[in-house]
Structure formats: structure tokens, C-alpha cells
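Close look at the chain arrangement
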Amino acid sequence: MPLAIWRSLRERGVLGLNARNATYVLPENPRASYPRVDDKLLTKRLAASAGIPSPELLGVVSYHSELRGLPELLRPLHEFVLKPARGAQGNGILVVTEARDGVFLKSSGRKLRLEQIRQHVSSIISGVFSLRGDWDCCLVEALVRLHPAFADITWQGIPDIRVVVYRGVPVMAMCRLPTRASDGRANLHQGAIGVGIELGSGRAVHAVCLHRSVSRHPDTGAALVGFRVPRWDEVLELAARAADIGGLGYLGVDVVVDERHGPLLLELNARPGLGIQLANREGLEPRLAKVAALPPSELGSWQERCELARRLFSGPSS
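This report concerns the structure included in the present document.

Time to look at the sheet that holds strand E12 (residues 250–258). As summarised here, the arrangement of the 7 strands in space is E11-E10-E9-E8-E7-E12-E13, forming an open sheet in which the pairing is antiparallel. One side of each edge strand has no neighbouring strand; the edge strands of this open sheet are strand E11 (212–213) and strand E13 (262–269). Strand direction decides the pairing type here: strand E8 (residues 169–177) and strand E9 (residues 193–197), joined by 5 bridges, are antiparallel. Across the sheet, the residue bridging to Ala173 is Ile197, located in E9. Helix H7 (residues 232–246) contacts strand E7 (160–166), E8, E9, E12 and E13 of the sheet and is inclined by roughly 35° relative to E13.

Structure representation (C-alpha cells):
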């Protein structure tokens, strides 16, 4: 990277990958706590014991020998999601929006037979989608229903909200909107839209797609700046509460807003990506420095930490 560009990014408080790892991930996130966030089944169980809602768990397939029971497990389900417990970046997630007479309809409209579903679950167990290629297990979860507030600004999939939390305080948030290019997934690398969210109000302030600023959704044409994340206060509170179960000082908390059940914890991330800065058109460093300067006595309950976040990071140039 040319020196002039590096200096410009530093002056704007942009956090780089090396600085993230050296200053926050390594010292703040003990390795012993990684299973709590890398294993989605363990995360889900910890969340349940803390009273934090997440998508309903309908079943778990842990061994190839259990595949013979898959038809019985899926028979009463008309819609569901298959998810690797140790997957990353949305890889291996299969969304079935309709199941009837042995035919399964994906969110993209493609039809699958039971044998193809069985093969997909087998691939998950074999570790095809897991972080390090290790043996994995397949979660069968209830399908999250799209909240009407997102209907005009998403394409097929379900948007999620990433909140970066440091020392228990939410410091920056981004809403990820699926597109046709991302195949309905809320993954920025695959073409989803990242929308910066103002922490005090939940209002969208800026949007990017594949590192370029955008003002309208490429598939629906709807304006992206100005919409408000539904039930925002609950989203922020859930992020602060969920950070407590991870045992990490610096993490990303992913939340979805279900039409029926409201905000649900999707997953935790020990190494949250840095694209959230592009979405907000603001660097993370100044916000993290503000939280780092706070004495422990100010970092009390999750309610107090949410109030801190609203006070410190409300407005377009916190």
C-alpha cells in the first residue's frame, strides 16, 4: 500500500487488519473462549441459558449414522434451515422455504430431492463447510420470517445486523441486505449491501456494495439511506447482552429481526470483518479509543452499556 494512502486511512481512524488482531483480537479474546463463538450449537445453548432468543432449534445431526433418521426428522417440517455448526461466511447454509411430498424448494426457487438434502447434510458433517475442515454437525433451525420493514430493500433472503461490541459496549453497527448478486445471502463478499446504522436511532446513514457507495438497492430500486432498523432498541440491547455470553472483549454480534419473534441472536464472531467502516464511512479507531479510556466502573450492566453507546456514538460524526 502506498505510504500516502496508509497515512490518509490512519488520519481517518480506519482500523486495519494487523491493528485489529494485535490491539483487540489477541489481547481481548482468550483462546479458551473461542469455542463459545465458533461453535453455533454451543452459542445457541449459552444464549438459551441466558434468556437470549435465537432461531428455534428443530434438530441436530451429528454423525453419518444418524442420516438414516433424517427423513423422519424432516417429515413434519414445511420450512427449515440447514446450517453447519462451525461454518463461516454463510457457507453451507441451505434455506428450504417449502417441503412437500419429498420435494424441497430452496429460497432461490430450485427444487431438491431428499437424497440431495441428505448429501448436503453429509457434506456438513464431513467438515466441507467448517472453519478448519474439521468434523462438524448440522443444525436444523426454524426459518426466520422477513420483517415487513425490510421488504423493499432486500432480495429474497433475510437481512441481518452486525454490531461490533468492545468491552461490552456496542461501538458500530451495519445492516447487511441480500441482493440477486449475493444469491439472497447477507454476505458482503458475495455482493450483499452493507448499510451503516446510527447507534442512537437505528437510522441508515450510508451504504456500500462491493466497496462502492450506493444509494438504491440494485434489484428493488428502493432508497437505502434513511430507513430505520425495526425494533432497534431491542437489537442494540440484545447485542450487549449476547456479548456477555461469549467471554470475549472484542467481537461481532449478528442479529436478525423476525416478523413474529422480533430480534434473534444469529451468531457471534471473534474476528469481525472491517467492512463495517466502509458502510458507516467512518473508522473504528476513534470509537474504540473512547471505550478503552472508560474506567471499569462505568462498564456496568448491559443497560448501562447500551446507554453509553447511545450517548457516545449517536449522530453522524461521533
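Turning our eyes to something else, we now look at the packing of aromatic side chains. Within this structure, the stated rule accounts for 5 aromatic pairs. Judged by centre distance (6.0 Å) and plane angle (75°), the ring pair of Phe80 and Phe104 falls under edge-to-face. With Phe80 in strand E2 (residues 80–84) and Phe104 in strand E4 (residues 103–106), this pair connects stretches of sequence that are 24 residues apart. Across this residue pair, the class does not change: Phe80 and Phe104 are buried. Relative to Tyr250, the ring of Tyr166 has its centre 6.3 Å away and its plane inclined at 70°; by these criteria the two rings are edge-to-face. With Tyr166 in strand E7 and Tyr250 in strand E12, this pair connects stretches of sequence that are 84 residues apart. The same class applies to Tyr166 and to Tyr250, which are both buried. Three or more aromatic residues joined by ring pairs make a cluster, and in this case those are Tyr24, Tyr166 and Tyr250. Over the aromatic face of Tyr34 sits the side chain of Arg31, whose NZ or CZ is 4.4 Å from the ring centroid.

Another point: helix H2 (residues 17–28). All of the buried residues in H2 are Ala19, Arg20, Tyr24 and Val25. Mapping the buried residues of H2 onto a view down its axis gives an arc of 145°, with all of them on the same face. Exposed and oriented more than 90 degrees from the buried face of H2 are Asn18, Ala22, Leu26 and Pro27. Along its buried surface, H2 packs onto helix H3 (34–38), E7, E12 and helix H9 (285–292).

Calculation criteria
Residues numbered from 1 in each chain as written. Predicted model: local features only at pLDDT ≥ 70, side-chain atom pairs only at ≥ 80, totals over all residues. Heavy atoms only, no water. Pairing = 2+ DSSP bridges. Helix = DSSP H or I, 4+ residues; strand = E, 2+ residues; numbered from the N terminus. Contact = heavy atoms within 4.5 Å. Axes fitted to C-alpha atoms, helices over the stretch in contact; angles between N-to-C directions. Phe/Tyr/Trp six-rings, centres within 6.5 Å; stacked < 30°, edge-to-face > 60°. Buried < 20%, exposed > 50% of the residue type's maximum accessible area, 1.4 Å probe, protein only. Lys NZ or Arg CZ within 6 Å of the ring centre and 35° of its normal. Arc of directions from axis to C-beta.

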